There are 2 protein chains.
Amino acid sequence: MWSRPRKAPRQTLTLERIVAEALALLDEEGVGRLTMRRLAERLGTGSTTLYWHVATKDDVLDLALDAVFGEVRLPDPAPGEGDWRRPARELMRGWRAALLRHPWSAALLDRPLMGPNALSRTEFLYQTLAGAGFTPPKAAAHSLANYVMGSVIMQVAWERGGDGDTGAFLRERAARYPALAEHGLGHTWDATFDEGLGYLLDGMEQARR
Amino acid sequence: MWSRPRKAPRQTLTLERIVAEALALLDEEGVGRLTMRRLAERLGTGSTTLYWHVATKDDVLDLALDAVFGEVRLPDPAPGEGDWRRPARELMRGWRAALLRHPWSAALLDRPLMGPNALSRTEFLYQTLAGAGFTPPKAAAHSLANYVMGSVIMQVAWERGGDGDTGAFLRERAARYPALAEHGLGHTWDATFDEGLGYLLDGMEQARR
DNA sequence: CCATCTACTAGACCATCGATCCGGTCACTC
DNA sequence: GAGTGACCGGATCGATGGTCTAGTAGATGG
């Protein structure tokens, strides 16, 4: 998608309008109900027309996902080596928040993130970590990105699956899964995320010295 | 899926055979090509027959995913409090390896993992962490699970996307993404995973004391 | 040996999907 | 004012997940 050149549009139906409407449709009805026909209908056009602007439905999803990454605000860069955890933490929190605002994005994370917005956030992360002394910063950057993606996917999966049923399900099987039934219920997602992020950042800081 | 009762089969076409064949089909052709018709054909039956054993295609995928988790060997439990990192590391490595042996599983992680195999692995993780003094162990367990899931998803996504094209793509844009172009290429997935896992485990050990 | 019930199988079918074919329409250029 | 290329869409194709309906095989009871 990102490697193909753009053609000059006549501005009646633009890629931007398509992406904006796709985002709205995804937010309202989820990824399963995004259809080229439905998207075209919302845009007041025929489904075929979309294929002039876009090669495949996957392109629409790629664009929509990158638009989500575009919502992530870049933190202020770290002034010195010691402050790297603040911008890293801010970026990861913003990254997570953007994905959670659009829960359908969790189902799309199994594709290469090569959109400009995703790349610029990753670039910022690499620069922050490289500036902090991680040479090379790849493992550190991957750790953080993996953690964020994994936590978003898990949270979305469990919230969509219905936590009420899950609780009853686990309590019924408390004999087989005692630790899970005792500690696994009652999610406080934000605090859990921050705690785990703290583990990771602290472990990285320890290795950095 | 897991809450519904099983009916007594006559053993000509069993759920086990369906799952085994689904796994083979997924391994050979990927998740996009798993069709109820194709699966039925491989089993020498009609597509409708599958729906007697299974309510929907999602059930097949749930079962197949849990079968992957079934491949993960449980480590020996930690003898004392201090040794918790060994079983935790072993479990996470095994978890990751099983998912990577079946790359299609990465696309299925956006659903609740409530199969018996997944649950028993999670239970082991909770017990290991609770025994190490993490009370409650939820955040610690989530951190590790999130990290593994995220790293598998990212690796599968980039390997499927074709690393060769990605390299050229990033090199062309080295001006815009200098740190990424310099450090982001040439993946050594296993080492990167272990390094990040070490960060996480060390940070957790630090917090535990 | 027959009837019957239940586990199980399948062909035809439905609505819907992503994508394409082919024929248009509109605005701008020479 | 003819032509060119950007843009649009109705009809259609092949395929999909899932259902309806009509069965068949084999154990069970008498």
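In case you missed it, the structure is sitting above this.
## Focus on the nonpolar core
Leu 144 of chain A together with Leu 144 of chain B are the most contacted members of the largest nonpolar core, which totals 138 residues. In this structure Leu 144 of chain B touches Ala 88, Met 92, Leu 125, Leu 129, Leu 197, Leu 200, Leu 201 and Met 204 of chain B, once residues within four positions along its chain are discounted.

## Some details on helix H6 (residues 116-131) of chain A
Structurally, the α-helix is built with 3.6 residues per turn, so residues lying three or four positions apart point the same way. All names here are of chain A. A rise of 1.5 Å per residue sets the reference length of H6, with its 16 residues, at 22 Å; its end C-alpha atoms lie 22 Å apart and thus fit the reference within 8%. Three or more residues of H6 are buried, namely Ala 118, Leu 119, Arg 121, Thr 122, Glu 123, Phe 124, Leu 125, Tyr 126, Thr 128 and Leu 129. One or two positions beyond H6, positive phi appears at Gly 133, with a value near 105 degrees.

## Thoughts on the interface of chain B and chain A
Contacts between chain B and chain A engage 62 residues on the former and 62 residues on the latter. Regarding the contact of chain B and chain A, the summed buried area is about 5,100 Å², with carbon and sulfur atoms giving 71% of it. The interface formed by chain B and chain A includes zero salt bridges. Connecting chain B to chain A are six residue pairs in polar contact (both at pLDDT 80 or more).

## Describing unusual backbone geometry
Cis geometry is found at the peptide bond from Thr 135 of chain A to Pro 136 of chain A, where omega equals -5 degrees. Examined against the element boundaries, Pro 136 of chain A turns out to sit in the loop between H6 and helix H7 (138-161).

## What about the environment of Arg 160 of chain A?
Within the fold, Arg 160 of chain A resides in helix H7. Residue class for Arg 160 of chain A comes out exposed when judged on its relative accessible area of 54%. For the pair Arg 160 of chain A and Leu 65 of chain A, spaced 95 residues apart in the sequence, the C-alpha separation amounts to 19 Å. Setting aside anything within four residues of it in sequence, one finds Arg 160 of chain A in contact with Asp 110 and Arg 111 of chain B.

## Things to note about helix H4 (residues 57-70) of chain A
All names here are of chain A. Counted at 1.5 Å a residue, the expected span for H4 with its 14 residues is 20 Å, and the 20 Å between its end C-alpha atoms agrees. Of all 14 residues in H4, 10 are buried, a share of seventy percent or more. The complete set of buried residues in H4 reads Asp 59, Val 60, Leu 61, Asp 62, Leu 63, Ala 64, Leu 65, Asp 66, Val 68 and Phe 69. With a side-chain oxygen positioned 2.9 Å from the backbone nitrogen of Asp 58, the residue opening H4 is Thr 56.

## A word on the relation of the copies chain B and chain A
When chain B is brought onto chain A, the operation consists of a screw motion whose angular component is 180 degrees and whose axial shift is 0.0 Å, with 0.0 Å RMSD remaining. In short, the pair behaves as if placed about a two-fold rotation axis. When you check the interface residues of chain B against chain A, 100% turn up at the interface there too, and the contact is symmetric in its surfaces.

Calculation criteria
Residues numbered from 1 in each chain as written. Chains lettered and ligands numbered in written order. Predicted model: local features only at pLDDT ≥ 70, side-chain atom pairs only at ≥ 80, totals over all residues. Heavy atoms only, no water. Core = buried A, V, L, I, M, F, W, Y, C linked by side-chain atoms within 4.5 Å. Buried < 20%, exposed > 50% of the residue type's maximum accessible area, 1.4 Å probe, protein only. Contact = heavy atoms within 4.5 Å. Helix = DSSP H or I, 4+ residues; strand = E, 2+ residues; numbered from the N terminus. Expected span 1.5 Å × (residues − 1). Buried area = accessible area lost by both parts, 1.4 Å probe. Salt bridge = Lys/Arg side-chain N within 4 Å of Asp/Glu carboxyl O. Polar contact = N/O pair within 3.5 Å; in protein donor to acceptor, adjacent residues only side chain to side chain. Least-squares fit on C-alpha atoms with pLDDT ≥ 70 in both.

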